[in-house]
Amino acid sequence: AREGSSLLATSALITVGGLSVFAWVAIAWEKEVGHHRAFAAGDLARLEQASLRLAALGRDGAQIHIALGTLHARQGRAAAAAIEFERSLRLHPTAAAWVALGRLHRGRGDLQAAAAAYQEALRLEPKHAVARQLLEQLGQSSSRLSSAEL
């Protein structure tokens, strides 16, 4: 009886180990092939599939939502882009996500929301050069608008 239970335990460990290796390979494959290549190719549908698969494997990440938001923005789908950037920020706040959201707000003409997003990026990463530059550009744009109104 002892040998049978020992054999069963060994078999269970081998099965669990095999499933773990399979999950690791699936995650690595989906990140490399699904996420990175789909983004590079501008393939929104494939990137959305990769996102769903990674989420199903418990590996939903902030970066894939930044990539999804970026592709939505490139295709003129600002509302969908904002949703993805906000998902990214809920998963893991990063300066990159705040900058992307700020650019989206700026493109929509909401300079106040853009400035707030760039400031959040700088709060997370005080030396973030892009956020600083974009915030300075907004300041220059705002002062030119104020001068033109006078």
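As shown above, the structure is provided for reference.
Throughout this description, residue numbers start from 1 for each chain and increase along the sequence as written. Per-residue local features are limited, in this predicted model, to residues with pLDDT of at least 70; the limit for side-chain atom pairs, both in listing and counting, is 80 or more; totals at the level of whole chains, interfaces and linings are taken over all residues. Excluded from the side-chain calculations are hydrogens and water; all other atoms, namely the structure's heavy atoms, are used.

Glancing now at the overall build of the protein. The secondary structure content of the protein amounts to seven helices and zero strands. Going along the chain from the N terminus, every DSSP run of H or I of four or more residues is numbered as a helix, and every run of E of two or more is numbered as a strand. Along the protein, from the amino end to the carboxyl end, the secondary structure elements read α-α-α-α-α-α-α. Two residues qualify as a contact provided that any one of their heavy atoms is within 4.5 Å of a heavy atom in the partner residue. The contacts in the protein between residues at least 6 apart in sequence include a share of 42% that link residues at least 24 apart. In this description, accessible areas are obtained by the Shrake-Rupley approach with a 1.4 Å probe, and a residue is regarded as covered only by the protein chains that are shown. A total of about 9,500 Å² of accessible surface is found on the protein, and carbon and sulfur atoms cover 58% of it.

This part is about the packing of helix α4 (residues 78-91) against helix α5 (residues 95-108). Where α4 meets α5, the closest approach of the two axes is 9 Å, and the angle between their N-to-C directions is 155°. The angle between α4 and α5 places the two elements in the roughly antiparallel class. Here the hand of the crossing between α4 and α5 comes out left-handed. From α4, A78, A79, A81, A82, F85, E86, S88 and L89 reach across to α5, where they touch A97, W98, A100, L101, L104 and R108. Per-class residue counts for the contact of α4 with α5 are eleven nonpolar, one polar and two charged. Helix axes use the C-alpha atoms of the stretch in contact, all axes being lines fitted to C-alpha atoms, and the angles between their N-to-C directions lie in the range 0 to 180 degrees. Any angle between 65 and 115 degrees counts as roughly perpendicular, while under 35 counts as roughly parallel, over 145 as roughly antiparallel, and the rest as oblique. Handedness of a crossing follows from how the near helix is turned relative to the far one, being left-handed for an anticlockwise turn of less than a right angle and right-handed for a clockwise one. Charged residues are taken to be Asp, Glu, Lys and Arg, nonpolar residues to be Ala, Val, Leu, Ile, Met, Phe, Trp, Tyr, Cys and Pro, and polar residues to be all remaining types, Gly included.

It is worth spelling out the pattern of salt bridges at this point. One speaks of a salt bridge when a side-chain nitrogen belonging to Lys or Arg is within 4 Å of a carboxyl oxygen belonging to Asp or Glu. All told, the structure shown has two salt bridges when counted by the stated rule. One salt bridge in this structure joins R87 and E84, with 2.8 Å as the shortest N-O distance. Residue R87 and its partner E84 are both found in helix α4; the two are separated by three residues, about one turn of the helix. Each residue is placed in one exposure class: buried if its accessible area under a 1.4 Å probe, protein chains only, is under 20% of its type's maximum, exposed if it is over 50%, and partly exposed if it falls in between. With a relative accessible area of 34%, R87 lands in the partly exposed category. The class for E84 is buried, based on a relative accessible area of 8%.

So, on to the side chain of H128. Within the secondary structure, H128 is located in the loop between α6 (111-124) and α7 (129-149). Among the polar contacts made by the side chain of H128, one reaches the main-chain amide nitrogen of A131 at a distance of 3.1 Å. Identification of polar contacts relies on pairs of N or O atoms within 3.5 Å, with a donor-acceptor requirement for protein atoms, meaning one able to donate a hydrogen and the other able to accept it, and with residues adjacent in sequence counted only if both atoms are side-chain atoms.

Now for α4. Helices are assigned an expected span. That span is 1.5 Å times one less than the residue count. Taking 1.5 Å as the rise per residue, α4 with 14 residues should run 20 Å; its terminal C-alpha atoms sit 20 Å apart, in good agreement. Within α4 the residues assigned to the buried category are A81, A82, E84, F85, S88 and L89. Down the axis of α4, the sector holding all buried residues measures 165°, keeping them to one side. Buried residues in α4 make contact with α3 (62-74) and α5. The arc in question is the one spanned by the directions pointing from the helix axis to the C-beta atoms.

What follows is about the nonpolar core. Across soluble globular proteins, you tend to see nonpolar side chains buried next to one another. Residues belong to one nonpolar core when they are buried, are Ala, Val, Leu, Ile, Met, Phe, Trp, Tyr or Cys, and are joined through side-chain atoms within 4.5 Å. Ranked by size, the top nonpolar core spans ten residues in total: A95, V99, A114, A115, Y118, A121, L122, A131, L134 and L138. Put simply, the parts of the chain that give this core at least two residues each are α5, α6 and α7. Counting residues per element, this core draws most heavily on α6, which supplies five residues. Among all residues touching A121, those that are not within four sequence positions of it are A95, W98, V99 and A131.

With respect to the helices and strands, Q63 occurs in helix α3. On the basis of relative accessible area, Q63 is assigned to the partly exposed category, the value being 49%. Along the sequence, Q63 and S88 sit 25 residues apart, while their C-alpha atoms lie 6.8 Å from each other.

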